[in-house]
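Examining the three-dimensional arrangement
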Amino acid sequence: QVQLVESGGGLVQPGGSLRLSCAMSGSIFSILSVGWYRQAPGKQRELVAAIPKGGSPRYKDFVKGRFNISRDNAKDTVYLQMNSLEPADTAVYYCNADAFVHTIHRVVDYWGQGTQVTVSS
């Protein structure tokens, strides 16, 4: 089992910045990939950025050059630094981890509870 707890959301003006944090606990060694998704009202949840284990970060086109995902293994925390925020970035942001569960020999998706990001003047 993996537990994920997000923090750092809030209200910010257009052009501003926020840093989201995702504290991981549990069977962290089994995690294959961690990432951030978002869901705006009336829309489907979509991938924002992800880091595969031992791999390089990847981003959706709409955040390239503005957002940066990083992982601090010493703190078991994943960050999403968001710069040049736009009203279109308003959404609930979720931390996600794909982990291999040995007891069932399957990859399982784990989710945090989400944190609201609102970009408005």
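A brief look at the structure comes next. All values reported here derive from a predicted model rather than from experimental measurement.

With respect to the overall build of the protein chain
Each helix and strand counted, the protein chain has zero helices and eleven strands in total. Ordered by position in the sequence, the α and β elements of the protein chain form the string β-β-β-β-β-β-β-β-β-β-β. For 121 residues, the compact-globule formula gives about 14 Å, and the C-alpha radius of gyration of the protein chain, at 14 Å, lands near that figure. Across its three principal axes, the protein chain shows a C-alpha extent of roughly 50 × 30 × 25 Å. Burial statistics for the protein chain: of 121 residues in total, 40% are counted as buried.

Brief notes about the sheet that holds strand β8 (residues 77–82)
Reading across the sheet, the four strands line up as β1-β3-β8-β7 and stay open at both edges, with antiparallel pairing between neighbours. On the outer flanks of this sheet lie β1 (2–7) and β7 (67–72), each paired with one strand and no other. Strand-to-strand twist across the sheet, computed as the mean angle between neighbouring axes with direction ignored, equals 15°. Where strand β3 (residues 18–26) lies against β8, six bridges are found, and the strand directions are antiparallel. Its bridge partner being in β8, C22 is matched across the sheet by V78.

Some details on the environment of D98
Mapped onto the elements of the fold, D98 is located in strand β9 (residues 91–101). Residues D98 and K75 lie 23 residues apart in sequence; the distance between their C-alpha atoms is 19 Å. For D98, the residues in contact, after removing those within four places along its chain, are S30, I31, L32, S33, V107, V108 and D109.

Topic: the state of the cysteines
For the structure on display, the rule yields one disulfide. Residue C22 pairs covalently with C95 via a disulfide, S to S 2.0 Å. On the sign convention where negative is left-handed, the bridge of C22 and C95, at about -85° about the S-S bond, is left-handed. Note that C22 is positioned in strand β3 and C95 in strand β9, a separation of 73 residues in sequence.

Focus on the nonpolar core
With 31 residues, the main nonpolar core has W36, L80, M82 and Y93 as its most contacted residues. Secondary-structure elements contributing two or more residues to this core are β1, β3, β4 (31–39), β5 (46–52), β7, β8, β9 and β11 (115–119). Excluding residues that lie within four positions of it along the chain, L80 makes contacts with L18, R19, L20, W36, V48, A49, F67, N68, I69 and Y93.

Calculation notes
- Residues numbered from 1 in each chain as written.
- Predicted model: local features only at pLDDT ≥ 70, side-chain atom pairs only at ≥ 80, totals over all residues.
- Heavy atoms only, no water.
- Helix = DSSP H or I, 4+ residues; strand = E, 2+ residues; numbered from the N terminus.
- Rg over C-alpha atoms; globule rule 2.2 N^0.38 Å.
- Buried < 20%, exposed > 50% of the residue type's maximum accessible area, 1.4 Å probe, protein only.
- Pairing = 2+ DSSP bridges.
- Axes fitted to C-alpha atoms, helices over the stretch in contact; angles between N-to-C directions.
- Contact = heavy atoms within 4.5 Å.
- Disulfide = S-S within 2.5 Å.
- Core = buried A, V, L, I, M, F, W, Y, C linked by side-chain atoms within 4.5 Å.

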